[in-house]
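Observations on the model geometry
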Amino acid sequence: MKFFIDTANLDQIKEAQELGVLDGVTTNPSLMAKEGITGRDNILKHYVDICNIVDGDVSAEVIATDFEGMIKEGQELADLHEQIVVKLPMIKDGVKACKYFSDNGVKTNVTLVFSPGQALLAAKAGATYVSPFLGRLDDISTDGLNLIEEIRMIYDNYGYETEILAASIRHTMHVINCAKIGADVMTGPLSSITGLLSHPLTDIGLEKFLADYKKGNS
């Protein structure tokens, strides 16, 4: 499973990268605004700054909702850096744009996916990644993990190469459960990754090892 971090915070991205397990970054206009990054030029520069920190794919989202606008914005984003993946919304023109970019060798991430049918359309259009929003489904008492299971089954049935990017991850158990059912990628906050480090028995065991060492060398 690939680990992506869902943020525009450069310090958090650096921390995840230094941990040695980071495979990429996803972000969006809301996360940019949270970091005080506003204005088209500043946003584009920030994407480049992110690419210069990580080794893997960086999803950069278009704002346009019409086909021509998505193509123009998406190409501008793709030209920024070879690691950029153009992030497109799951709407009719988004699927059309996905096909266009796929045919022209540009990586894509179809986002805001909430049904198996949407994921099937994205794969048919050649999406590199499809992003089912697990946490947002859980928020409305719907089983987000079941959606990922259904997408996995459909993709495996037909050999689609589109990677399932489990998005809107809230906590470490989301990560573990997504790994169990075969999501190719998870993207979430830094806490969902570093939380995997924690176990009370690890802390207790290390404390005892150090105490015994101190006794034997005092």
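What comes next is a walk through the structure. (Residues numbered from 1 in each chain as written. Predicted model: local features only at pLDDT ≥ 70, side-chain atom pairs only at ≥ 80, totals over all residues. Heavy atoms only, no water.)

1. Topic: the packing of aromatic side chains
Under the convention used in this document: Side-chain rings of Phe, Tyr and Trp, where Trp is taken by its six-membered ring, are said to pair if the distance between their centres is within 6.5 Å; with planes under 30 degrees apart they count as stacked, over 60 as edge-to-face, and otherwise as tilted. Helix and strand definitions here come from DSSP, where helices need a minimum of 4 consecutive H or I residues and strands a minimum of 2 consecutive E residues; each element is numbered from the N-terminal end. Criterion for a charge above a ring: Lys NZ or Arg CZ within 6 Å of the ring centre, and within 35 degrees of the ring normal.
Using the criterion set out here, one finds six aromatic pairs in the structure. Geometrically, the ring pair formed by Phe 67 and Tyr 100 is edge-to-face, given 6.4 Å between the ring centres and 90° between the ring planes. Placement of the pair is Phe 67 in helix α4 (residues 67-78) and Tyr 100 in helix α5 (residues 92-103), with a sequence separation of 33 residues. On the numbers, 5.4 Å between centres and 75° between planes, the contact of Tyr 100 with Phe 101 is edge-to-face. Taken together, the aromatic side chains of Phe 67, Tyr 100 and Phe 101 make up a single cluster linked through ring pairs. Positioned over the ring face of Phe 67 is Lys 96, at 5.2 Å from the centre of the ring.

2. As for the pattern of salt bridges
Our working definition: Basic side-chain nitrogens of Lys or Arg form a salt bridge, by our definition, when they fall within 4 Å of a carboxyl oxygen of Asp or Glu. Accessibility here uses a 1.4 Å probe with only protein chains present; expressed as a share of the type maximum, an area under 20% marks a residue as buried, one over 50% as exposed, and anything in between as partly exposed.
Under the criterion given, the structure shown has 10 salt bridges. Lys 87 is the partner of Glu 61 in a salt bridge, and the nearest nitrogen-oxygen pair spans 3.7 Å. Here the residue Glu 61 occupies a position in strand β3 (residues 57-61), and Lys 87 occupies one in strand β4 (residues 84-89), the gap between them amounting to 26 residues. For Asp 93, the salt bridge goes to Lys 96, with nearest N and O atoms at 3.8 Å. Remark: Lys 96 and Asp 93 occur in helix α5; sequence separation between them is three residues, near one turn of the helix. Judged by relative accessible area, Asp 93 falls into the partly exposed class, the value being 21%. Bridged by salt links that share partners, the residues Arg 152, Asp 156 and Asp 184 form one connected network.

3. A few points about the sheet that holds β4
Note the cut-off: Whether two strands pair comes down to DSSP finding at least two bridges between them. Axes here mean lines fitted to C-alpha atoms, for a helix over just the part in contact, with angles spanning 0 to 180 degrees between N-to-C directions. Contact definition: two residues touch when any of their heavy atoms are within 4.5 Å.
What the eight strands build is a closed barrel, ordered β1-β2-β3-β4-β5-β6-β7-β8; its pairing is parallel. On average, each strand axis in the sheet is inclined to that of its neighbour by 30°, with strand direction left out of account. Bridge analysis of strand β7 (residues 163-166) against strand β8 (residues 185-188) gives two bridges, and the strand direction is parallel. The residue of β8 that forms the bridge with Leu 165 is Val 185. Packed on one face of the sheet, helix α3 (residues 40-51) meets β2 (24-26), β3 and β4 and runs near 165° to β3. Packed on one face of the sheet, α5 meets β4 and β5 (108-113) and runs near 155° to β4.

4. Structural notes on the environment of Ile 5
Note on placement: Ile 5 falls in strand β1 (residues 2-6). Sequence spacing of Ile 5 and Thr 26 is 21 residues, and the spatial spacing of their C-alpha atoms is 6.2 Å. In contact with Ile 5, not counting residues within four places along its chain, are Gln 12, Ile 13, Ala 16, Leu 22, Gly 24, Val 25, Thr 26, Thr 187, Gly 188, Pro 189 and Leu 190.

5. Quick look at the nonpolar core
The following threshold applies: Only buried residues count toward a nonpolar core, which is a set of Ala, Val, Leu, Ile, Met, Phe, Trp, Tyr and Cys residues joined through side-chain atoms within 4.5 Å.
Within the largest apolar cluster, 59 residues are counted, with the highest numbers of intra-cluster contacts made by Ile 13, Val 25, Leu 88, Tyr 155 and Cys 178. The dominant element in this core, judged by the number of residues it contributes, is helix α8 (residues 144-158), at six residues. In contact with Cys 178, not counting residues within four places along its chain, are Met 1, Leu 134, Leu 145, Ile 148, Ala 166, Ile 169 and Ala 183. With seven residues, the next largest nonpolar core counts Phe 4, Tyr 129, Ala 167 and Val 185 among its residues.

6. Quick notes on a negative patch on the surface
Basically, it comes down to this: Only residues above 30% relative accessible area that lack a salt bridge enter a patch, with like-charged residues linked at up to 9 Å and the nonpolar side chains Val, Leu, Ile, Met, Phe, Trp and Tyr linked at up to 5 Å. Under the convention used here, a 1.4 Å probe and the Shrake-Rupley method define accessible areas, while residue burial counts only the protein chains that appear. In this tally, Asp and Glu contribute negative charge and Lys and Arg positive charge; neither His nor the terminal groups of the chain are included. Where a charge lies is defined by one atom per residue type: Lys uses NZ, Arg uses CZ, Asp uses CG and Glu uses CD.
Residues Asp 11, Glu 15, Glu 18 and Glu 35 make up a contiguous surface patch of negative charge. In this fold, Glu 18 is placed in helix α1 (residues 10-19).

7. Description of the side chain of Glu 61
Judged by relative accessible area, Glu 61 falls into the buried class, the value being 16%. When near neighbours in sequence (up to four residues on either side) are disregarded, Glu 61 contacts Thr 27, Asn 28, Pro 29, Tyr 47, Leu 77, Lys 87 and Thr 111.

8. Quick look at unusual backbone geometry
The phi dihedral of Leu 112 is positive, around 60°, even though this residue is not glycine. With respect to the helices, strands and loops of the structure, Leu 112 is situated in strand β5. Judged by relative accessible area, which is 35%, Leu 112 ranks as partly exposed. In this model, Ser 168 sits at a positive phi of 60°, which is unusual for a non-glycine residue. Relative to the elements of secondary structure, Ser 168 occurs in the loop between β7 and α9 (172-181). Its relative accessible area of 10% is what places Ser 168 among the buried residues.

Treat this as a map of the structure, not an account of what it does.
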